[in-house]
Amino acid sequence: MKSTSRVFTIGIALVAATLPLAGASLSPQIELSQMLSGIFRGSTPGNDLNLTIRSVTTDPSHLYDLYVQVSGKYQGTNIRQQGLIRLESQGKSVYFGYIPHFDPTVTSMSPNAARFSDEEANAACGLVMEPKGDGFIGETVGSTCARAIRGALGKWTIEVEPGNIRIRNVKTGETLRFKRVEK
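My aim in this report is to walk through the structure given alongside it, one point at a time. Source: prediction; values computed, not measured.

1. Examining the overall build of the protein chain
Step number 1: Looking only at helices and strands, the protein chain features 3 helices and 10 strands.
Step number 2: Along the protein chain, from the amino end to the carboxyl end, the secondary structure elements read α-α-β-β-β-β-β-α-β-β-β-β-β.
Step number 3: By residue count, 36% of the 183 residues in the protein chain fall in the buried class.
Step number 4: Relative to all contacts within the protein chain whose residues are 6 or more apart in sequence, the contacts with residues 24 or more apart total 45%.
Step number 5: Per element, the accessible surface of the protein chain, about 10700 Å² overall, is 58% carbon and sulfur.

Structural data, given as structure tokens:
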């Protein structure tokens with residue numbers, strides 16, 4: 001009887017020890033990378049933009065780099081921009097860095113996808129994405145992204161949830177919403 005209860009106690013202890021592993025979620029960096037990956041279409045009036053965000057291998061120390069291409073029209077103006085999103089873990093938060101490619105011939109398949117001119121590197125901007133609900137939210141610091149993203153003057157918030165991205169100008173309230181149409 002004692003050996004049965006001992007085996008039972010050890011078994012319960014092993015199961016209890018593995019519960020935190022079973023319930024552990026992915027790292028925030030992986031979660032955000034998965035939420036951002038795919039093709040998104042603008043869903044607000046005047047926003048006929050498409051975001052194509054794909055994983056890109058740049059080097060072994062940056063496994064969650066993403067290549068973003070924005071194309072289409074916004075309020076009747078043709079837009080085409082592309083660049084690299086670098087996600088770096090910061091505990092529960094994720095640093096979101098964006099480095100633009102001003103050369104329109106560079107794509108995610110180009111050998112230069114992770115190489116930047118001095119002008120591109122100096123235009124880079126970043127923000128910290130904090131967990132919020134099912135996703136993440138972050139805010140740019142002032143106009144730090146104005147050179148990297150044409151027209152991005154002032155502070156902007158970026159909110160990412162499964163299947164949706166929302167970008168909002170803090171001062172004016174101008175909002176661009178995107179809905180995932182393809183993984």
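2. Things to note about the nonpolar core
Step number 1: In terms of nonpolar packing, the biggest core is built from 29 residues, with L32, L36, I53, L87, F96 and M129 touching the most fellow members.
Step number 2: Those elements that place two or more of their residues in this core are α2 (28-36), β2 (47-55), β3 (66-74), β4 (77-90), β5 (93-101), β6 (125-132), β8 (156-161) and β10 (175-182).
Step number 3: Ignoring anything within four residues of it in the chain, the contact list for L36 reads I53, L66, L87, F96, V160, I165 and R180.
Step number 4: With 5 residues, the next largest nonpolar core counts V56, Y67, L84 and V106 among its residues.

3. Some details on the sheet that holds strand β1 (residues 38-42)
Step number 1: An order of β1-β2-β3-β4-β5-β6-β7-β8-β9-β10 is seen for the 10 strands of this closed barrel, with the pairing classed as antiparallel. Between one strand axis and the next, the sheet turns by 25° as a mean value, whatever way the strands run.
Step number 2: Two elements, strand β7 (residues 135-139) and β8, share 4 bridges in a ladder whose sense is antiparallel. Counted as the bridge partner of E139 is T157 from β8.

4. A look at the layout of surface pockets
Step number 1: Here the largest pocket is characterised by a volume of approximately 720 Å³.
Step number 2: Forming the boundary of the largest pocket are 29 residues, of which V70, Q81, I149, I167 and L176 lie nearest the centre.
Step number 3: When residues of the lining of the largest pocket are assigned to their parent elements, the largest contribution, 5 residues, is made by β4.
Step number 4: When grouped by side-chain class, the residues that make up the lining of the largest pocket number 22 nonpolar, 5 polar and 2 charged.

5. Things to note about the pairing of β8
Step number 1: Extensive coverage of β8 is indicated by the burial of 5 of its 6 residues.
Step number 2: Both β8 and strand β9 (residues 164-169) contribute to a ladder of 6 bridges, which runs antiparallel. Across the sheet, T157 pairs through a bridge with R168, a residue of β9.
Step number 3: Where β8 folds back onto β9 in an antiparallel hairpin, the turn is made up of 2 residues, including G163, whose phi is positive at roughly 85°.

6. Some details on the side chain of H62
Step number 1: For H62, the position within the fold is in the loop between β2 and β3.
Step number 2: One polar contact links H62 to S61, side chain to side chain, over a distance of 3.3 Å.
Step number 3: Discounting chain neighbours no more than four positions away, the residues touching H62 are R86 and E88.

7. Describing the pairing of β5
Step number 1: Most of β5 sits out of view: 8 of its 9 residues are buried.
Step number 2: In this antiparallel pair of consecutive strands, β4 and β5, the connection spans 2 residues, and G91 shows a positive phi of 70°.
Step number 3: Here β5 pairs with β6 via 5 bridges, running antiparallel. Looking at the pairing, Y95 lines up with V128 of β6.

Rules and cut-offs
Residues numbered from 1 in each chain as written. Predicted model: local features only at pLDDT ≥ 70, side-chain atom pairs only at ≥ 80, totals over all residues. Heavy atoms only, no water. Helix = DSSP H or I, 4+ residues; strand = E, 2+ residues; numbered from the N terminus. Buried < 20%, exposed > 50% of the residue type's maximum accessible area, 1.4 Å probe, protein only. Contact = heavy atoms within 4.5 Å. Areas by Shrake-Rupley, 256 points an atom, 1.4 Å probe, with all protein chains shown as cover. Core = buried A, V, L, I, M, F, W, Y, C linked by side-chain atoms within 4.5 Å. Pairing = 2+ DSSP bridges. Axes fitted to C-alpha atoms, helices over the stretch in contact; angles between N-to-C directions. 1 Å grid on protein atoms, 1.4 Å probe; cavity = no way out; pocket = protein on both sides within 12 Å on 5 of 7 lines; lining within 4 Å. Points joined across faces, edges and corners; volume = space filled by probe spheres on them. Nonpolar A, V, L, I, M, F, W, Y, C, P; charged D, E, K, R; others polar. Polar contact = N/O pair within 3.5 Å; in protein donor to acceptor, adjacent residues only side chain to side chain.

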